[in-house]
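# Secondary and tertiary structure notes
Here's the letter readout for the chains.
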Amino acid sequence: MISPTDDGFSDADIKGLKLTFSQNCSTANEATTSSGLGIALAPANYKTSLQFNKDAGIPEQRIPPGGSIWTRSPVDVKGKGIARSLDWHLATMASNDREREEMTYKLLECLPRSVLASLQRRMTPLLQFDIVGSLPTELSLLIFTHLPAASLLTCSLVSKRWHTLTTDQVLWRRLCYAHGWEWRTDVAAPTPWDGLGDADPADAVVREERDEDEGMGDEEEDEDEGSGEGAGDVVDFIGDDSVDWTSMPMNIDDIEVQGLSNLLIPITPAVLSSSSTTAITPISRITSQHGVLPRSAHLAPDYKLLHQTHMLLHNRFYQGAYRRRTLPCADAGGHSAAVYCLWLWTYPAGLDGRSAPLQVLFTGSKDRTVREWDLRTDRVRRVVGELHDSSVLSLCVSSDFAKSGDGEEPLASEPSSAGFLVSGGSDRRVVVWDLGKDRLVKVLQDHLDSVLCVRVDSGRLVTCSKDRTVRTYGFPSLKPQFVFRAHRAAVNAVSVVGDVIVSGSGDRSIRVWNANTGALISTFEEHHARGIASIEFKPPYLLSGSSDMHLRMFDIASSQGWSTNPEFNTMNPSDAVPTLASSQSHAQDNIAMLPGQGTAPFFLHSSLIRSMSDTPRQDANTVVCHACGSHGLAARREQERHTHLVRSVALGEEFAVSGSYDLTIKVWDRKTGALVADLNGGHTGRIFCVGFDCTKIVSCGEDQRICIWDFSHGIDTSFIKL
């Protein structure tokens with residue numbers, strides 16, 4: 001028996017193999033030539049006796065005398081050379097696959113383990129077949145479109161072919177568009193910044209308890225005009241003491257693996273060595289100081305990078321990893337009194353010779369002015385004054401004009417693409433200002449009391465007032481349309497999306513209106529335990545804040561949602577079913593009600609939140625978690641909720657943000673109602689308004705401060721369309 005050794009085959013083994021191969025090959029050749037089926041050819045690297053078949057014109061093998069096919073031994077070194085001609089010998093010695101398999105196995109048994117391991121590695125690719133990768137690219141991409149982002153990242157590690165497929169822009173663009181994330185194509189380089197002054201500590205503001213159910217504009221009666229002292233004018237804090245602002249939402253190894261390290265902006269030790277009394281340079285300014293220009297300025301859209309950056313920002317919101325800065329106070333051009341309202345706005349590219357969009361912040365104050373801030377420099381760009389005789393309580397900016405074919409009267413001149421600024425004040429005025437032409441468009445004075453909220457959407461301006469009415473106008477023609485009088489107390493907030501108007505009042509009710517007909521569609525009575533102070537509507541979800549210190553997320557189509565108040569989480573869903581108002585009961589209240597246009601059924605998207613009625617409850621104080629169905633969250637809700645009136649709310653795709661008189665801003669998970677982040681320390685007075693986008697939260701309040709809670713520090717977000 002042949003036995004393998006460390007040095008290969010012995011001389012006796014090789015002699016036996018040569019004899020066996022010669023005999024088998026001779027037999028196979030005789031059978032082949034006699035049948036005329038083919039000719040067995042020897043390997044090219046061995047000398048054989050060949051002659052041409054004259055009839056066929058092809059070479060034919062002849063076995064040399066002595067019964068061997070080799071004229072000289074192919075084995076120059078022990079065990080070498082046999083494997084090189086093994087395929088030819090197996091083809092001639094075995095007549096079927098089974099025999100070849102047995103012969104191969106017997107030969108493998110003779111090899112040392114080190115050689116077997118090497119063969120195994122070489123054979124592994126032959127045993128694997130990539131079905132997805134072997135398909136045409138179009139079909140492979142179609143398969144990958146059914147995977148979420150995390151699965152695509154995992155699949156990209158399988159092979160080079162899969163990596164190429166899973167990084168295709170078509171897949172990541174689809175994922176980005178599903179979230180509404182767009183690539184900002186033309187980006188301007190950051191401008192230099194020379195820093196601002198020092199931050200001064202703010203004095204505490206004494207507050208008194210009172211009933212806020214009637215209207216949200218009453219707080220100005222209790223405030224002094226103020227000089228603006230105490231309002232910080234620079235970056236005065238870097239997140240919470242427990243949060244390192246340089247920390248990322250995942251560990252550094254994960255960032256390297258996912259290719260996100262290029263998103264980080266290098267920060268030198270000199271930047272971090274700022275004392276508590278020294279102005280801290282905003283991170284966006286550090287970018288320009290260090291010469292790090294936006295990488296997207298000359299790049300084609302990279303939707304994988306866009307998606308990963310959004311996820312990075314998403315994780316920072318969950319970690320509360322922000323950097324806070326404060327806009328300048330009165331001494332540096334800021335407001336000189338309490339700031340009641342704000343609005344984020346992005347000018348389109350091409351205005352004023354700019355090659356890139358520009359994001360700004362508008363703020364309205366008790367000092368009777370509206371200021372426009374450049375968020376790149378934290379400086380005032382424009383002051384719109386002498387429009388109101390008293391406090392500016394609400395404002396919004398829009399370029400969503402109605403088309404001329406939608407019943408709008410043609411204007412003398414086309415409205416500017418920069419947009420219109422609309423503001424409402426305690427002087428009962430609604431002022432419309434053309435931002436592009438920097439001129440007054442019109443002043444509306446139809447309300448009988450303070451205008452508490454103004455909103456624009458789909459070519460329609462909606463206003464509400466302490467006079468308990470809601471009014472609508474064409475936009476930008478400003479032609480009056482409807483007046484809604486169903487509320488029994490001051491209408492503190494309105495929200496309009498498309499043809500739907502939602503109003504919240506101090507009478508504790510939410511009302512839904514048809515903007516086209518003026519019909520009252522639905523009424524949600526006792527929506528909160530006290531007056532409703534703020535609302536935001538994004539179909540089908542309605543977020544509201546109240547004097548009862550609670551928030552409530554509500555699906556107006558299914559009456560399901562979550563609340564920080566356990567009483568509303570455990571209520572019988574049938575108690576919250578919206579009641580359809582009859583056209584007769586409010587026909588006299590709705591001016592310009594079209595004849596025959598009574599209340600009609602109103603349909604919205606189905607709820608994305610799990611029905612509370614399908615989940616068992618233990619007792620009246622138990623809150624059901626819509627994410628996992630677990631119980632026992634009432635105590636946690638009590639700790640998480642606000643401890644004072646919730647004055648302002650903002651609703652996004654993933655988060656809900658609330659600002660309260662308790663000096664805090666809270667970020668909530670939109671679907672589950674779980675508390676994501678609790679931001680405090682930025683204000684020393686009541687918070688009047690909050691707003692946010694995917695990179696930051698902005699807030700303003702009684703202490704005259706305008707705070708920017710930046711979650712994008714150290715990340716290049718210049719390619720994100722805000």
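Residues numbered from 1 in each chain as written. Predicted model: local features only at pLDDT ≥ 70, side-chain atom pairs only at ≥ 80, totals over all residues. Heavy atoms only, no water.

### Here we look at the overall build of the protein chain
A count of helices and strands for the protein chain gives 15 helices and 30 strands. Pairs at least 24 apart in sequence give 59% of the contacts found in the protein chain among residues at least 6 apart. (Helix = DSSP H or I, 4+ residues; strand = E, 2+ residues; numbered from the N terminus. Contact = heavy atoms within 4.5 Å.)

### A short note on the sheet that holds strand S14 (residues 470-474)
One open sheet accounts for four strands, arranged S12-S13-S14-S15; its pairing is antiparallel. Bordering the open sheet on either side are strand S12 (451-457) and strand S15 (480-484), each of which pairs with just one other strand. Going across the sheet, the axis of each strand differs from the next one's by a mean of 15°, ignoring polarity. As paired strands, S14 and S15 are joined by three bridges and run antiparallel to one another. Bridged to Arg471 within S15 is Val483. (Pairing = 2+ DSSP bridges. Axes fitted to C-alpha atoms, helices over the stretch in contact; angles between N-to-C directions.)

### Thoughts on the packing of aromatic side chains
Evaluation of the coordinates by the stated rule reveals 17 aromatic pairs. Residues Tyr177 and Tyr303 carry aromatic rings whose centres are separated by 5.9 Å and whose planes lie at 80° to one another, so their mutual orientation is edge-to-face. Taken as a pair, Tyr177 in helix H9 (residues 169-179) and Tyr303 in helix H13 (residues 303-319) lie far apart in primary sequence, 126 residues in all. The side chain of Arg686 reaches across the aromatic face of Tyr661, ending 4.9 Å from its centre. (Phe/Tyr/Trp six-rings, centres within 6.5 Å; stacked < 30°, edge-to-face > 60°. Lys NZ or Arg CZ within 6 Å of the ring centre and 35° of its normal.)

### Some words on the pattern of salt bridges
Per the stated rule, a full pass over the model turns up 16 salt bridges. As a salt-bridge pair, Arg98 and Glu101 come within 3.6 Å of each other at their nearest N and O atoms. You can see Arg98 and its partner Glu101 sitting in helix H3 (residues 97-109), three residues apart, about one turn around the helix. Glu101 gets classed as partly exposed once you look at its relative accessible area, which sits at 47%. A salt bridge links Glu702 to Arg686, with the shortest nitrogen-to-oxygen separation between them at 2.7 Å. (Salt bridge = Lys/Arg side-chain N within 4 Å of Asp/Glu carboxyl O. Buried < 20%, exposed > 50% of the residue type's maximum accessible area, 1.4 Å probe, protein only.)

### Brief notes about the UniProt feature "repeat: WD" (unreviewed entry) in the protein chain
UniProt's feature table lists "repeat: WD" (unreviewed entry) at residues 361-383, 420-443, 484-523 and 639-678, given in the numbering used throughout. Taken as a whole, residues 361-383 contains 0% helix and 65% strand, while its terminal C-alpha atoms sit 12 Å from one another. End C-alpha to end C-alpha, residues 484-523 measures 13 Å, and it is 0% helix and 57% strand. (UniProt positions renumbered as here; feature names shortened; annotations may be inferred.)

### Concerning helix H4 (residues 113-127)
Here H4 contains 15 residues, and its C-alpha end-to-end distance of 20 Å stays within 8% of the 21 Å for a straight helix at 1.5 Å per residue. Maximum bend of H4: about 25°, positioned at Arg121, with proline Pro125 one to four residues after it. Counted residue by residue, H4 has zero buried out of 15 residues, so it is predominantly exposed. (Expected span 1.5 Å × (residues − 1). Bend = angle between axes of the 7 residues up to and from the residue.)

### Details of the packing of H9 against H13
To describe two helices that pack against each other, one gives the angle between their axes and the distance between the axes. Put simply, H9 and H13 touch, their axes get as near as 8 Å, and they point 40° apart. Relative to H13, the element H9 is oriented oblique. As for the relative orientation of H9 and H13, their crossing is left-handed in sense. Residues Gln169, Trp172, Arg173, Leu175, Cys176 and Tyr177 of H9 form the contact with H13, whose participating residues are Tyr303, Lys304, Leu306 and His307. (Parallel < 35°, antiparallel > 145°, perpendicular 65-115°, else oblique. Left-handed = near helix turned anticlockwise from the far one by under 90°.)

### Focus on unusual backbone geometry
Residue Phe475 is joined to Pro476 through a cis peptide bond whose omega torsion reads 20°. Tracing the backbone through its elements, the reader meets Pro476 in the loop between S14 and S15. Here Pro539 and Pro540 are connected by a cis peptide whose omega angle stands at 0°. Take Pro540: it is sitting in the loop between strand S20 (532-538) and strand S21 (541-546). A positive phi is found at Arg508, a non-glycine position, where the angle reads about 75°. Along the chain, the position of Arg508 falls in the loop between strand S17 (500-505) and strand S18 (510-514).

### Quick notes on a nonpolar patch on the surface
Taken together, the side chains of Met123, Leu126 and Leu127 present a nonpolar region at the surface, about 380 Å² in accessible area. Secondary-structure assignment places Leu126 in helix H4. Residue classification places Leu126 among the exposed positions, given a relative accessible area of 72%. (Patch = residues over 30% accessible without salt bridge, like charges linked within 9 Å, V, L, I, M, F, W, Y side chains within 5 Å. Areas by Shrake-Rupley, 256 points an atom, 1.4 Å probe, with all protein chains shown as cover.)

### Some thoughts on the nonpolar core
In terms of nonpolar packing, the biggest core is built from 22 residues, with Phe144, Trp172 and Leu306 touching the most fellow members. Only helix H6 (137-144), helix H7 (149-155), helix H8 (160-166), H9 and H13 provide two or more residues apiece to this core. The element that contributes the greatest number of residues to this core is H13, accounting for five residues. For Phe144, the residues in contact, after removing those within four places along its chain, are Val132, Leu152, Cys155, Trp162, Leu165, Thr166 and Leu171. The next biggest cluster of nonpolar side chains, apart from the first, holds 18 residues, and it includes Leu351, Val370, Leu387 and Leu421. (Core = buried A, V, L, I, M, F, W, Y, C linked by side-chain atoms within 4.5 Å.)

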